[in-house]
Amino acid sequence: MDKLMAVPELSRATRVVLLRHGESEDNVVMERVRERVKHGATVPSAIKEYMRERVEDPELSAKGKQQAELAGEHWGRTWDTNTVELWCGPMVRNLQTMREMKKRMKRCVKVICRRDLYELQGVVSKKGLKIPTGLSLDEISSKYPEIDVFEGFDNSSPRAPWNQKGYEPRPAQLSRIDSLASSIRSMATRTHTTIVVISHGDLQSHLVANLLRLPNAASNHHRTFYFKNTSVTSLRVYPKGDVSVEEYDNTLHLSGASKM
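Here's a quick rundown of the structure. Remember, it's a predicted structure, so these values are computed and weren't measured experimentally. (Residues numbered from 1 in each chain as written. Predicted model: local features only at pLDDT ≥ 70, side-chain atom pairs only at ≥ 80, totals over all residues. Heavy atoms only, no water.)

Digging into the packing of helix 4 (residues 62-78) against helix 5 (residues 92-103)
Counted only if it meets this: To get an axis, a line is fitted to the C-alpha atoms, and for a helix only the part in contact is used. The angle between two axes follows their N-to-C directions and goes from 0 to 180 degrees. Only DSSP runs of H or I covering at least 4 residues are called helices, and only runs of E covering at least 2 are called strands; the numbering of each starts at the N terminus. Here the word oblique covers every angle except those under 35 degrees (roughly parallel), over 145 (roughly antiparallel) and from 65 to 115 (roughly perpendicular). Crossings are sorted by hand: turned counterclockwise from the far helix by less than a right angle, the near helix makes the crossing left-handed, and turned clockwise it makes it right-handed. Every residue pair with non-hydrogen atoms within 4.5 Å of one another is taken to be in contact. Only Asp, Glu, Lys and Arg are considered charged in this grouping, and only Ala, Val, Leu, Ile, Met, Phe, Trp, Tyr, Cys and Pro are considered nonpolar; every other residue, Gly among them, is considered polar.
In contact at an axis separation of 7 Å, helix 4 and helix 5 are set at 45 degrees when each is read in the N-to-C sense. The angle between helix 4 and helix 5 places the two elements in the oblique class. Helix-helix and strand crossings are classified by hand; for helix 4 and helix 5 the assignment is right-handed. Note on element contacts: helix 5 touches helix 4 through Thr97, Glu100 and Met101, opposite Lys65, Ala68, Glu69, Ala71 and Gly72. Grouping the amino acids of the contact of helix 4 with helix 5 by side-chain chemistry returns three nonpolar, two polar and three charged.

Some words on the sheet that holds strand 7 (residues 243-250)
Here is the rule we go by: Criterion used throughout: strands pair if DSSP finds at least two bridges between them.
Strand order in the open sheet formed by seven strands is 4-3-2-5-1-6-7, and the pairing between neighbours is mixed. Two strands in the sheet have a free side with no partner beyond their single neighbour: strand 4 (149-151) and strand 7. When strand polarity is set aside, the average angle formed by the axes of neighbouring strands in this sheet is 20 degrees. Of the strand pairs in this sheet, strand 1 (residues 14-20) and strand 6 (residues 232-237) are connected by six bridges, and their pairing is antiparallel. Within the sheet, the bridge partner assigned to threonine 14 lies in strand 6 and is valine 237. Seen against the sheet, helix 5 touches strand 1, strand 2 (83-88), strand 3 (109-114) and strand 5 (193-199) and runs at an angle of roughly 160 degrees to strand 2.

What follows is the structure in structure tokens.
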């Protein structure tokens, strides 16, 4: 009887979709470097090549834009709720993924740019220089007018905290993940909204571990979960904060993608 009484509460669960950004130019460099290692290159030389060719805040590749387009077309038809919120972060590959998805989603979409949805460690110059990199709030609002709401930005600072002078410290990473997880759990009563969180691989792995309350999630410096570009991981968030997984790393929308 207790289980039957719990059913109405389960029906009020909110759908939260975590979607990794489309393939970036740095992802392309990484794949090329990995192929070189497979064919005999040393790991130290491969790392040097990657660090030499990577970009601090890369754009999507042509393939990455196509992945985001297909994600918007397919999942925009599939999500059966009245409203879709797209949460994006301040990094270019995240913003571009949002843009390509929103253009192809027919239902009502509200875009919210959150300052805390950036990759773990932030944006750091590849030469280790203390140079501000990444977009400022003014640059984001000018280049991406489709954003409806900015959350967590400090207008007193010309640039937000993803422009780190060095890597983001581990305690700051964990605090940011806890805050994001709390924000998502607070959405539990919004039963007629699908919240799509466009994220990054490392951040998303730690966020899922936190939401599922996995033991030792905070002390694990490595990824627990791996996600392909624009893959969908769908969660149900219940009123008491519990979370269940509906699907994991789903790339069904890419089945018709052309090879680039």
